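Topology and contacts: notes
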Amino acid sequence: MKPPDKVLVTGGAGYIGSFTAQALVDAGYQVVVFDNLYQGHREAVPQAATFVQGDLADRSAIAALFDAHPDISAIMHFASYTLVGESMHKPFLYLRDNVSNAANLLEIAIARGVRRFILSSTANLFDLPVDQQGAPIREDCPVVPGSPYGESKYAIERMLGWLNRIYGLKYACLRYFNACGGTPDRGEDHEPETHLIPIVLQVALGQRPHVVIFGDDYPTPDGTCIRDYIHVEDLAQAHILAMEALDELGVRHYNLGNGQGYSVRQVIETARRVTGHPIPAVVGPRRAGDPAVLVASSEAIRRELGWTPRYASLEAIVRSAWAWHSRHPHGYRDRYAQGEQG
Ligand code: UFG
């Protein structure tokens with residue numbers, strides 16, 4: 001019997017990467033995780049995956065990875081710097097490192113015969129002018145990167161276009177809107193944490209006195225920003241569906257969200273209901289670079305690949321995040337202490 005495909009997951013110790021590595025294991029794939037543990041957690045890597053610690057800036061480490069695993073047949077590329085705000089202060093981490101690390105990986109992978117590639121991309125490609133914000137964002141909306149982070153992902157998307165023409169690389173770019181949620185054993189654990197849902201849950205845990213709402217004077221019904229929150233397990237399934245369809249489809253770009261927007265105040269209100277904690281909130285100034293509304297149209301991937309998010313409501317998503325945060329108030333550090341893994 002032919003062994004299952006071997007999939008390389010770069011950044012597979014990180015938040016979305018580790019959920020996807022687990023989903024690949026559960027679907028019967030062999031999984032190799034390559035991660036420098038800059039943001040990721042060794043304990044987040046599924047036990048059944050092979051873990052290789054290394055950095056994509058180090059070409060000899062990538063070559064050694066392929067020497068050890070010459071049968072890698074597809075790549076899911078998550079490893080990158082991922083913060084919009086940081087990218088406005090440290091643009092070269094994004095414009096240089098994100099792009100050159102992807103180029104290192106792709107050059108070696110293509111030389112070793114890999115022809116299937118899934119890119120972790122972002123809604124930060126769609127920093128539309130204010131008069132165009134609001135309608136669900138389709139794949140054919142104009143790309144206007146909102147930051148060096150978005151620009152770095154767009155540069156990689158364009159690189160992939162050339163590699164398709166020149167080498168026949170088949171690829172999908174998955175542009176996530178607001179990835180969130182967890183399971184009792186796996187969840188969001190960033191240091192520092194900047195994302196709304198984990199911050200709100202840290203207030204419920206008594207780790208912060210309040211959440212600061214970044215502006216309530218946006219042109220939205222309650223004045224706070226509206227986002228499209230999508231569960232990481234649903235994102236993981238989208239990666240597998242896209243990878244399995246690549247031979248047939250060739251090249252695809254998909255926007256991934258629930259298609260429904262919720263305001264910052266609605267997220268806080270939902271977390272109050274789920275946790276039973278009052279979660280004090282204070283209004284602060286706007287955060288630079290935040291668009292008022294970002295909601296995805298994911299009609300294309302639903303129609304073409306039959307993708308259907310399982311966590312369709314904000315309540316279900318926040319409940320799943322709370323399942324993780326309430327059991328692991330200090331994130332993966334709690335798991336190190338308990339000796340749990342994968
Ligand atoms: N927010 C607050 N207070 C906080 C944290 C966030 O009010 O303490 C607000 C933000 O202003 C924003 C919303 O909550 O309106 C969501 O913020 P997040 O930081 O959770 O997420 P972003 O929408 O800023 O970023 C997400 C992804 C990025 C991706 C981007 C696309 O994390 O990787 O969407 O625009 F690039």
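The rules behind the values
Residues numbered from 1 in each chain as written. Predicted model: local features only at pLDDT ≥ 70, side-chain atom pairs only at ≥ 80, totals over all residues. Heavy atoms only, no water. Helix = DSSP H or I, 4+ residues; strand = E, 2+ residues; numbered from the N terminus. Expected span 1.5 Å × (residues − 1). Bend = angle between axes of the 7 residues up to and from the residue. Buried < 20%, exposed > 50% of the residue type's maximum accessible area, 1.4 Å probe, protein only. Arc of directions from axis to C-beta. Contact = heavy atoms within 4.5 Å. Core = buried A, V, L, I, M, F, W, Y, C linked by side-chain atoms within 4.5 Å.

**A word on helix H4 (residues 91-111)**
- In this model H4 runs 30 Å from its N-terminal to its C-terminal C-alpha over 21 residues, within 8% of the 30 Å that 1.5 Å per residue would give.
- A maximum bend of about 25° is found in H4 at Asp97.
- Looking one or two places after H4, you find Gly113, whose phi comes out positive at around 95°.

**A few points about helix H8 (residues 264-275)**
- Taking 1.5 Å of rise per residue, the 12 residues of H8 would be expected to cover 16 Å, and the 16 Å separating its terminal C-alpha atoms lies within 8% of that figure.
- Among all positions in H8, only Val264, Val267, Ile268, Thr270, Ala271, Val274 and Thr275 are buried. One face of H8 carries all of its buried residues, which in axial projection span an arc of 160°.
- As for H8, its buried residues are in contact with helix H6 (196-204), strand S8 (211-214), strand S10 (229-231), strand S12 (262-263), strand S13 (281-284) and helix H10 (314-327).
- Following H8 by one or two positions, Gly276 has its phi on the positive side, about 75°.

**Details of the nonpolar core**
- Leu24, Val31, Ile197, Tyr229 and Leu256 are the most contacted members of the largest nonpolar core, which totals 70 residues.
- Of the residues forming this core, the biggest block, nine residues, is contributed by helix H7 (residues 232-249).
- Beyond its immediate chain neighbours, meaning those up to four positions away, Ile197 contacts Cys180, Tyr229, Val267, Ile317, Val318 and Ala321.
- If you look at the next biggest cluster of nonpolar residues, it comprises 27 residues, including Phe66, Val99, Leu163 and Leu169.

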